[in-house]
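Structure assessment
The primary structure of each chain is shown beneath.
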Amino acid sequence: DTGVSQDPRHKITKRGQNVTFRCDPISEHNRLYWYRQTLGQGPEFLTYFQNEAQLEKSRLLSDRFSAERPKGSFSTLEIQRTEQGDSAMYLCASSLTGTGYSPLHFGNGTRLTVT
Amino acid sequence: KQEVTQIPAALSVPEGENLVLNCSFTDSAIYNLQWFRQDPGKGLTSLLLIQSSQREQTSGRLNASLDKSSGRSTLYIAASQPGDSATYLCAVIGVGNQFYFGTGTSLTVIP
């Protein structure tokens, strides 16, 4: 169990550029979540997957955001035409869900700065 | 929509003191509640998970309690140490399968 890993740790981009982040969950975990966190706030839900199916997407997520989880393993989060308001920490988490809910495990996040 | 509130927003205590962090939630139909610790610029580290059927969980110097009917949870930290300084967040999961987070309590333990 190597934990949840995210890549890259930091990303600086110019407004209008596209960025893609990767998340590798704990291997046996079937649920994968993406959250966004800004300074002084708790994590804000973006979307989650059960295996390869994207089951829910926040209404706050504009159509510039898209996430995939091919084959139910790693996941990518893409932001197109980035805006300064997209600057935040993007957190990935995974859990094992069967008859109940196991603890949520987070990666160290990708910090995005849009200049 | 579930709303989670954490009070106080910030807390500063001398080393060795026992302390209590509070978490309240508006919808009592939850499956579980989880407490996390977050160090600056880092992700969240899971501390304790309480299933909805449980009243409390303990790990070392940490004890978390859950009162579903009143929509409250507390995290008790015994004999605080400077290494406990961090932001503590609680999260609940219920119908809808989302984890809802509070804004956290920033704890500073003064040596």
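All of the points below concern the structure found in this document. Model, not experiment: these values are computed from the prediction.

In terms of helices and strands, chain B carries zero helices and eleven strands. Tracing chain B from N to C terminus, the helices and strands come up as β-β-β-β-β-β-β-β-β-β-β. In terms of overall dimensions, chain B is globule-like: its C-alpha atoms have a radius of gyration of 13 Å, near the 13 Å expected for 111 residues. For chain B, restricting intrachain contacts to residue pairs at least 6 apart in sequence, the fraction spanning at least 24 positions comes to 54%.

Attention now goes to the nonpolar core. Soluble, globular proteins show a tendency: their nonpolar side chains are buried together. With 23 residues, the main nonpolar core has Leu33, Trp35 and Leu75 of chain B as its most contacted residues. If you list the elements that add at least two residues to this core, you get strand S3 (19-25), strand S4 (30-38), strand S5 (44-51), strand S7 (62-67), strand S8 (72-77), strand S9 (86-94) and strand S11 (105-110) of chain B. The contacts of Leu33 of chain B, once residues within four sequence positions are left out, are Cys23, Phe25, Leu48, Leu49, Ile50, Leu66, Ser73, Ala91 and Val92 of chain B. One finds Val4, Leu32, Tyr90 and Val114 of chain A within the second-largest nonpolar core, a separate group that totals 19 residues.

Contacts between the two partners involve 21 residues from chain B and, on the opposite side, 22 residues from chain A. Interface area for chain B against chain A, summed over the two sides, is near 1,700 Å², with a carbon-plus-sulfur share of 54%. When the buried surface of chain B facing chain A is broken down by residue, Asn97, Gln98 and Phe99 of chain B rank first, second and third, together holding 29% of it. At the junction of chain B with chain A, the criterion picks out zero salt bridges. Taken together, the connections running from chain B to chain A amount to three residue pairs in polar contact (both at pLDDT 80 or more). If you list the elements that add at least two residues to the side of chain B that touches chain A, you get S4, S5, S9 and strand S10 (99-101) of chain B. Looking at which element gives the most residues to the side of chain B that touches chain A, the answer is S4 of chain B, with five residues.

So, on to the packing of aromatic side chains. Under the counting rule described, the total for this entry stands at eleven aromatic pairs over all chains. Taken together, a centroid distance of 5.6 Å and an interplanar angle of 80° make the contact between Tyr33 of chain A and Phe99 of chain B edge-to-face. Taken as a pair, Tyr33 of chain A in strand S4 (residues 31-37) and Phe99 of chain B in strand S10 lie in two separate chains rather than in one. You'll find Tyr33 of chain A and Phe99 of chain B in the same group, each marked buried. Each ring, one from Phe45 of chain A and one from Tyr48 of chain A, has its centre 6.2 Å from the other, and the planes form 55°; the classification is tilted. No difference in accessibility class separates Phe45 of chain A from Tyr48 of chain A, as the two residues are buried. Pairwise contacts between aromatic rings join Tyr33, Tyr35, Phe45, Tyr48 and Phe106 of chain A together with Phe36, Phe99 and Phe101 of chain B into one cluster. For the cation-ring pair, Arg22 of chain A lies above Phe74 of chain A, with the distance from its terminal atom to the ring centre recorded as 3.9 Å.

Looking at the element boundaries, Ser59 of chain B is found in strand S6 (residues 56-59). C-alpha of Ser59 of chain B to C-alpha of Ile77 of chain B: the two residues are 18 residues apart in sequence and 10.0 Å apart in space.

Only a minority of non-glycine residues have a phi that is not negative, and only a minority of peptide bonds are not trans. Cis geometry marks the peptide bond from Asp7 of chain A to Pro8 of chain A; its omega dihedral reads -5°. Looking along the chain, the bond that leaves Ile7 of chain B and enters Pro8 of chain B is cis, with omega of 0°. Counting through the fold element by element, Pro8 of chain B comes out in the loop between strand S1 (4-7) and strand S2 (10-14). Although it is not a glycine, Lys71 of chain A sits at a positive phi angle of roughly 65°. Structurally, the position occupied by Lys71 of chain A is in the loop between strand S7 (65-68) and strand S8 (75-79). Unusually for a residue other than glycine, Ala79 of chain B sits at a positive phi of about 45°. Residue position: Ala79 of chain B is located in the loop between S8 and S9. Residue Ala79 of chain B is classed as partly exposed on the basis of its relative accessible area, which comes to 37%.

About the thresholds
- Residues numbered from 1 in each chain as written.
- Chains lettered and ligands numbered in written order.
- Predicted model: local features only at pLDDT ≥ 70, side-chain atom pairs only at ≥ 80, totals over all residues.
- Heavy atoms only, no water.
- Helix = DSSP H or I, 4+ residues; strand = E, 2+ residues; numbered from the N terminus.
- Rg over C-alpha atoms; globule rule 2.2 N^0.38 Å.
- Contact = heavy atoms within 4.5 Å.
- Core = buried A, V, L, I, M, F, W, Y, C linked by side-chain atoms within 4.5 Å.
- Buried < 20%, exposed > 50% of the residue type's maximum accessible area, 1.4 Å probe, protein only.
- Buried area = accessible area lost by both parts, 1.4 Å probe.
- Salt bridge = Lys/Arg side-chain N within 4 Å of Asp/Glu carboxyl O.
- Polar contact = N/O pair within 3.5 Å; in protein donor to acceptor, adjacent residues only side chain to side chain.
- Phe/Tyr/Trp six-rings, centres within 6.5 Å; stacked < 30°, edge-to-face > 60°.
- Lys NZ or Arg CZ within 6 Å of the ring centre and 35° of its normal.

In short, geometric facts, not functional conclusions.
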